[in-house]
Structure formats: C-alpha cells, structure tokens
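Topology and contacts: notes
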Amino acid sequence: MSIFSYFRTQKKPSSASVAKERLQIIVAHERNKRTQPDYIEKMQREILQVIRKYVDISDDQVKVNLDNNDECSILELNVTLPE
Amino acid sequence: MAKIIVVTSGKGGVGKTTTSASIGTGLAKRGHKTVIIDFDVGLRNLDLIMGCERRVVYDFVNVINGESSLSQTLIKDKRTPELFILPASQTRDKDALTEAGVEKVLNDLSKDFEYIVCDSPAGIERGAQMALYFADMAIVVTNPEVSSVRDSDRILGILQSKSRRAERGESPVEEHLLLTRYNPERVENGEMLSVEDVKDILAIPLLGVIPESEAVLKASNQGSPVILDEESFSGQAYDDAVARLLGEEREHRFLEVQKKGFFKRLIGA
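What this report covers is the structure whose coordinates are included nearby. Computed from a prediction, not measured in an experiment: that's the story for all the values here. (Residues numbered from 1 in each chain as written. Chains lettered and ligands numbered in written order. Predicted model: local features only at pLDDT ≥ 70, side-chain atom pairs only at ≥ 80, totals over all residues. Heavy atoms only, no water.)

Quick word on the overall build of chain A
Formally: Counting from the N terminus, the helices are the DSSP runs of H or I reaching at least four residues and the strands are the DSSP runs of E reaching at least two. A 1.4 Å probe rolled over the protein chains alone gives each residue an accessible area, and that area as a share of the maximum for its type sets the label: buried under 20%, exposed over 50%, partly exposed in between. Residues are treated as being in contact if the distance between any of their heavy atoms lies within 4.5 Å. Note on areas: Shrake-Rupley, 1.4 Å probe, and residue coverage restricted to the protein chains presented here.
When you go through chain A residue by residue, the secondary structure sums to three helices and two strands. For chain A, the α and β elements follow one another from N to C terminus as α-α-α-β-β. Taking all 83 residues of chain A together, the buried fraction comes to 18%. Nonlocal contacts in chain A, meaning residues at least 24 apart in sequence, comprise 23% of its contacts between residues at least 6 apart. On chain A, roughly 7,100 Å² of surface is accessible, and the fraction owed to carbon and sulfur atoms is 52%.

Below is the structure:
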C-alpha cells in the first residue's frame, strides 16, 4: 500500500457512519408516515385525480403534509403546476 | 398480578429466543417464579434452546382449545427451580392463537407467576402482534445492523399503537433496548454501528449489550440457556441485563476491545 492510498482511505467515511446516516433518514421518514392518519394517502391520491382533470401533473408534484401542534392540525397542500 | 414481558424484534435471527431463554432463566434464578411462552406457532424452537424438546406433550394451542390443562402442559425446567416453559404448537393453522384464548391463558398464569416472558415470532403479522398485545414491558432485541435497527423501529411503532395499553390509553409499554451480537473490535474499526449510534436512532433506554460470542451457539447446541454459562461474556452480560430489569444499577460491560496482555500477545492467543 502506497503512502497516497493511505491518505485516501483516511478520508472515506466509515461504513458504520454511512449506515447510521441512512438509518436516521429512513427511520425519520417512516415515523412521519406512522404518525399521520391513514386517510392522508388516499386523500392525496384523490386530490391528484381532481387536479389531473384540469392539468397534467405527475405524482410528485403534489405534496400533502399534516402538522400537528398542540391545539390544532394544519393540513398543508403543495401543488407544483407546470408552466 | 404477573408482569408480562415480550421479547420482540421484527427481524428474525437476531436472538429473541436466546434472549427469552436467558432472561427467563435469570429471573427464575433470582427466585421469581417465571414462565416463558413460545408464541412462534408452527416454528417451535424455545423447547430446543431450553433443552426440554423431548418433554413436550401438550402445547399452548391445546391449552387455548381446552384440550389440556395448564398444569399438564407447563414443563418444569430441570436446572432452574421456579422456571416453567409453555411450548408453542407445531400446527400450521396461523389463526390457532385467538386473542380471547391468549388472554385467558395469561390471566390464569398471572395468578401463579411473577413474570411471564413472551417469546415473539419474527415479523409484524398476527403472531408477533399477539405476543406483544398484552405486554407491560418490551425487550426489543436488535443487532447493530441496518435492517435489524429499522425493523426494531417498526416494532416500537406497533407497541405504541397496537398494544392493549395503547388501545386503552393506559401508561405505555415500557421499552428496553437489548443490543445483541455486538463486536467491539468491528465497532472500533468503524465497520459496525456502535451502542451510541443505535441508541441515538431508536431513542429508548438501553437494557444491555450482549457481545458476539461462541458461547451462544455452544449453549444452544447443548440446550442450556447461555446465562447459565457464567464464564462466558454473553452469559455475564445477560445476567447484568436481568439485574437491570429488576431495578439494579449495573455498569455496561464488554463495550470495549479487550486489550491483549503481554503473555497473550506472545503466544498469539
């Protein structure tokens, strides 16, 4: 092993830290899904169908988000319309 | 009233049965009357790990169906007084465990025992949900490996939403993390998630860390729970975990690489 490869391997993040980062992202995502009510997904699909009657948009152009605060829940609907 | 402890994980092969056997034995060894129930219908294995496979006459489903009494069905452990095993059925009928049936058996056992340890099957299906439904306490067995950690998080979600305590709005199931097959050397080399990493992600209190050890396979080969192998690090780590479960303060051990002494290095052991 040359001296250069020694320095190169030092820079690479360890596989354990890659694992941790990946897990933190997927677990946060799945927890988020778990806390939202079951109807959100179905509602998102139906909203998409309604919008599609007027404009042609893809699945990822509609984002539905439900934020729970202590007293009230805020339903956020984000639609990206094509130009 | 007995305390009901479920040993669960989501993922298979992480050490649920090994843990159930050792925790149950540890509790009984300390004088608490304990029964370990195998919930893995169709894939009975606790009997093998406990070394009582040839003494199984009746099983859990027989009791539920009223075909045998509890006293006929419970197997008294030969090594540890105060310890009993309730074996799973080998039937292929997945719906053999009914909620009402399980509840009745647990209620009956509650009158006699201090601790009921429920060895859950893998997965998140009916069998696993049945094993955790009545729990007061959960031991989530996790390996320091991505799929096991993710599955543990899913199981925690189910404990928080589908257990009886959750459904009734009672105080939640007490959650404990048990990290098994831990290899400090690989952690030090950055090849394995560390205890802190897993704790960060799952965010539940740590009950114990069981180091990867040859003693576990040796113990299962012989049908004797590894906690009884007092020489082994795994056995000692399980003993610590049982003590902590009972409220004792014990420092976590076996988290660091064992430094080889001069002599060991000399002989290359």
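Observations regarding the overall build of chain B
The criterion, for reference: Here the globule rule is a power law, 2.2 Å times the number of residues to the power 0.38, and the radius of gyration is based on C-alpha atoms. The convention is simple: Lys and Arg are positive, Asp and Glu are negative, and His and the chain ends are not counted. The atoms used to mark charge sites are NZ of Lys, CZ of Arg, CG of Asp and CD of Glu.
A count of helical and extended segments in chain B gives 13 helices and eight strands. Since a compact globule built from 269 residues should have a radius of gyration of about 18 Å, the 18 Å found for chain B is in line with a globular shape. Based on the C-alpha atoms only, the size of chain B along its principal axes is roughly 65 × 40 × 35 Å. Counting the 269 residues in chain B, one finds 55% classified as buried. Expressed as a percentage of contacts within chain B between residues at least 6 apart in sequence, the contacts between residues at least 24 apart total 73%. Carbon and sulfur atoms make up 46% of the accessible area of chain B, which totals about 12,500 Å². Positive and negative side-chain charges in chain B, numbering 34 and 42 respectively, have mean positions lying 3 Å apart.

Thoughts on the interface of chain A and chain B
The criterion, for reference: A simple way to read buried area is as the amount of 1.4 Å-probe accessible surface that goes missing from two parts once joined, with both sides added. The salt bridge definition used is simple: a Lys or Arg side-chain nitrogen within 4 Å of an Asp or Glu carboxyl oxygen. Pairs of N or O atoms within 3.5 Å make up the polar contacts considered here, provided that, within protein, one atom can donate a hydrogen while the other can accept it, and that residues adjacent in sequence are counted only when both atoms are side-chain atoms. Note on residue classes: Ala, Val, Leu, Ile, Met, Phe, Trp, Tyr, Cys and Pro are nonpolar, Asp, Glu, Lys and Arg are charged, and everything else, Gly too, is polar.
Counting residues at the interface gives twelve residues for chain A and 14 residues for chain B. With both chains or domains summed, chain A and chain B bury close to 1,200 Å², and 57% of this area falls on carbon and sulfur atoms. For the interface between chain A and chain B, the tally reads five salt bridges. Of the charged contacts in the structure, one is a salt bridge between D153 of chain B and R34 of chain A, with a shortest N-O distance of 3.3 Å. The interface formed by chain A and chain B includes nine residue pairs in polar contact (both at pLDDT 80 or more). Grouping the constituent residues of the side of chain A that touches chain B by class yields five nonpolar, three polar and four charged.

Digging into the pattern of salt bridges
One pass over the full model with this rule turns up 24 salt bridges over all chains. A salt bridge links R150 of chain B to E30 of chain A; the shortest N-O distance between them is 2.8 Å. Note that R150 of chain B is positioned in helix α7 (residues 146-162) and E30 of chain A in helix α2 (residues 15-35), a pairing that runs across two chains. When its relative accessible area of 18% is taken as the criterion, E30 of chain A is described as buried.

A look at the sheet that holds strand β2 (residues 34-38) of chain B
All names here are of chain B. The condition that has to hold: DSSP-based pairing: two strands are paired if at least 2 bridges between them are found. For every element, the axis is a line fit to its C-alpha atoms; helices are fit only across the contacting stretch, and the angle between N-to-C directions ranges from 0 to 180 degrees.
Spatially, β3-β4-β2-β5-β1-β6-β7-β8 is the arrangement adopted by the eight strands of the open sheet, whose pairing is mixed. Whereas interior strands pair on both sides, the edge strands pair on one side only; in this sheet they are β3 (75-76) and β8 (206-211). In this structure, strand β7 (residues 174-182) lies alongside β8, joined through four bridges in parallel fashion. Bridging across to β8, Y182 finds its partner in P211. Together, β1 (3-8), β6 (137-142) and β7 form the strand contacts of α7, whose direction differs from that of β6 by roughly 165°.

Here we look at the side chain of T8 of chain B
Residue and element names in this part refer to chain B. Take T8: it is sitting in strand β1. Accessibility expressed as a relative area gives 0% for T8, which makes it buried. Setting aside residues no more than four positions away along its own chain, T8 makes contact with K16, S120, I139, V140, V141 and I155.

A look at unusual backbone geometry
Among all residues except glycine, the phi angle is most often negative; among peptide bonds, the trans geometry is most common. Residues and elements named next belong to chain B. One non-glycine residue with positive phi stands out, namely E82, at about 75°. Inspection of the secondary structure puts E82 in the loop between β3 and β4 (83-86). Despite not being glycine, F254 has its phi angle at roughly 60°, a positive value. The topology assignment puts F254 in the loop between α12 (233-245) and α13 (262-267).

Some thoughts on helix α3 (residues 39-52) of chain A
All names here are of chain A. Keep this limit in mind: Multiplying 1.5 Å by the residue count of a helix minus one yields the expected span of that helix. Taken from the helix axis, the directions to the C-beta atoms give the arc we talk about.
Over its 14 residues, α3 extends 20 Å from the first C-alpha to the last, a length consistent with the 20 Å expected when each residue adds 1.5 Å. Burial in α3 covers these residues: I40, L48 and I51. The arc that holds the buried residues of α3, viewed along the axis, is 80°, so those residues lie on one side.

Describing the packing of α2 of chain A against helix α10 (residues 195-202) of chain B
What counts is decided by this rule: Oblique is the label for any angle not under 35 degrees, not over 145, and not in the 65 to 115 range, which are roughly parallel, roughly antiparallel and roughly perpendicular in turn. Should the near helix be turned anticlockwise from the far one by less than a right angle, the crossing is left-handed, and should it be turned clockwise, the crossing is right-handed.
Axis separation between α2 of chain A and α10 of chain B bottoms out at 10 Å; the angle between their running directions is 15°. The orientation of α2 of chain A with respect to α10 of chain B, classified from their angle, is roughly parallel. The two elements α2 of chain A and α10 of chain B meet at a crossing, and its hand is right-handed. Two secondary-structure elements touch here, α2 of chain A through K20, L23, Q24, V27 and R31 of chain A and α10 of chain B through D197, D200, I201 and L202 of chain B. In the contact of α2 of chain A with α10 of chain B, the residues fall into four nonpolar, one polar and four charged.

Remember, this is a structural readout, not a statement about activity or role.
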